[in-house]
Amino acid sequence: MSLQASGQSSARSGMATERPWASEHIEGLPVDIRRRIVALERVCGNAAAAAHYFAVSIEAGGRRFVSLHFEEFACGNRAAVCNGNGCLHEIYAESRGRYRIVFSRKALDVRMTNAGGIAGLEVSQLDTSETYRWNGRGFTPVRTERNGP
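It should be emphasised that the depicted structure is a prediction, and the values quoted were computed from it without experimental measurement.

Cut-off values and rules
- Residues numbered from 1 in each chain as written.
- Predicted model: local features only at pLDDT ≥ 70, side-chain atom pairs only at ≥ 80, totals over all residues.
- Heavy atoms only, no water.
- Buried < 20%, exposed > 50% of the residue type's maximum accessible area, 1.4 Å probe, protein only.
- Helix = DSSP H or I, 4+ residues; strand = E, 2+ residues; numbered from the N terminus.
- Pairing = 2+ DSSP bridges.
- Disulfide = S-S within 2.5 Å.
- Contact = heavy atoms within 4.5 Å.
- Expected span 1.5 Å × (residues − 1).
- Arc of directions from axis to C-beta.
- pLDDT = per-residue confidence, 0-100.

K.L.:
Help me out: how do you make sense of the pairing of strand β2 (residues 63-69) in this one?
P.N.:
Remark: a regular strand shows side chains that alternate across the two faces of the sheet. Summarising burial for β2: five of the seven residues are buried, a large majority. In this structure, β2 lies alongside strand β4 (residues 86-95), joined through five bridges in antiparallel fashion. Looking at the pairing, F65 lines up with A93 of β4.

The structure is reproduced here in structure tokens:
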């Protein structure tokens, strides 16, 4: 019991000492993805830095997908990555050790899923929710639902 409590306490203290906006959250990304960040760095007008959940990855169907959430990206020129529809979200798929962009949208949120080994996306907009499934080459729409009246 004391070992478990001690481990949880140390994990929490590690998160507390982490810098919330740090270049380390970008430096660990694959080089193909980092190139994109460097291009945005020039548009943003500041050194690239991101919060902890800027990049999220999943594996599905033997392929790795990386999702970038630009609401978690430090950008002096916010209009470069966000607008009234939300912030930029980009999904990259790995193939033969390289990453290519396979989805890009300004939205409130984009959540990756893995249903039975098939990658999916749940895209939240102001008044809609869209679902996409990986077809081996890209994400294709599954359905659209209206939120609200």
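K.L.:
Sorry, what's going on with the environment of Y92 here?
P.N.:
The topology assignment puts Y92 in strand β4. Of the residues examined, Y92 reaches a relative accessible area of 3% and is grouped as buried. Sequence separation between Y92 and S104 is twelve residues, and the spatial gap between their C-alpha atoms is 9.1 Å.

K.L.:
Would you mind showing me how to read the pairing of strand β6 (residues 109-115) here?
P.N.:
Pairing analysis gives seven bridges linking β6 to strand β7 (residues 118-124), with the strands arranged antiparallel. Residue pairing in the sheet places R111 in a bridge with E122 of β7.

K.L.:
When you look at the state of the cysteines in this model, what are you seeing that I'm missing?
P.N.:
Chemically, a disulfide is nothing more than a covalent bond linking the sulfur atoms of two cysteines. In the structure shown here, the tally under the stated rule is two disulfides. One disulfide bridge connects C44 with C75, the sulfur atoms lying 1.9 Å from each other. With the S-S dihedral at roughly -95 degrees, the linkage between C44 and C75 falls on the left-handed side. In this pair, C44 sits in helix α3 (residues 31-44) while C75 sits in the loop between β2 and β3 (82-83), placing the two residues 31 residues apart along the sequence. On the accessibility criterion, C44 (6% relative accessible area) is buried. C75 sits in the buried class, given a relative accessible area of 6%. Disulfide partner of C82: C87, at an S-S distance of 1.9 Å. Disulfide C82-C87: the torsion about the S-S bond is 100 degrees, which places it as right-handed. Of note for the chain: the bonded cysteines, numbered N- to C-terminal, pair according to 1-2, 3-4.

K.L.:
Please explain the environment of Y53 as it appears in this structure.
P.N.:
Position of Y53 relative to the elements: it lies in the loop between α3 and β1 (55-60). A residue is classified by how much of its surface remains accessible, and Y53, at 54% relative accessible area, is exposed. As a C-alpha pair, Y53 and L68 span 15 residues in sequence and 8.4 Å in three-dimensional space. Residues contacting Y53, with those up to four places away along its chain left out, are H69 and E72.

K.L.:
Would you explain α3 in this entry?
P.N.:
Along an α-helix, residues three or four apart share an orientation, since each turn contains 3.6 residues. The terminal C-alpha atoms of α3 lie 20 Å apart, and with 14 residues this matches the ideal 20 Å at 1.5 Å per residue to within 8%. Buried residues of α3: D32, I33, I37, L40 and C44, and no others. Axial view of α3: buried residues confined to an arc of 145 degrees, hence all on one face. The exposed residues of α3 that point more than 90 degrees off its buried face are R35 and R42.

K.L.:
What is the right way to read the confidence of the model for the chain from this model?
P.N.:
One rule of thumb: low pLDDT means the predicted coordinates there are not for detailed reading. Per-residue confidence for the chain averages 85 on the pLDDT scale, and 83% of its residues sit at or above 70. Confidence drops under a pLDDT of 50 for residues 1-14, and excluding neighbours within four residues, the segment shows zero contacts in the predicted structure.

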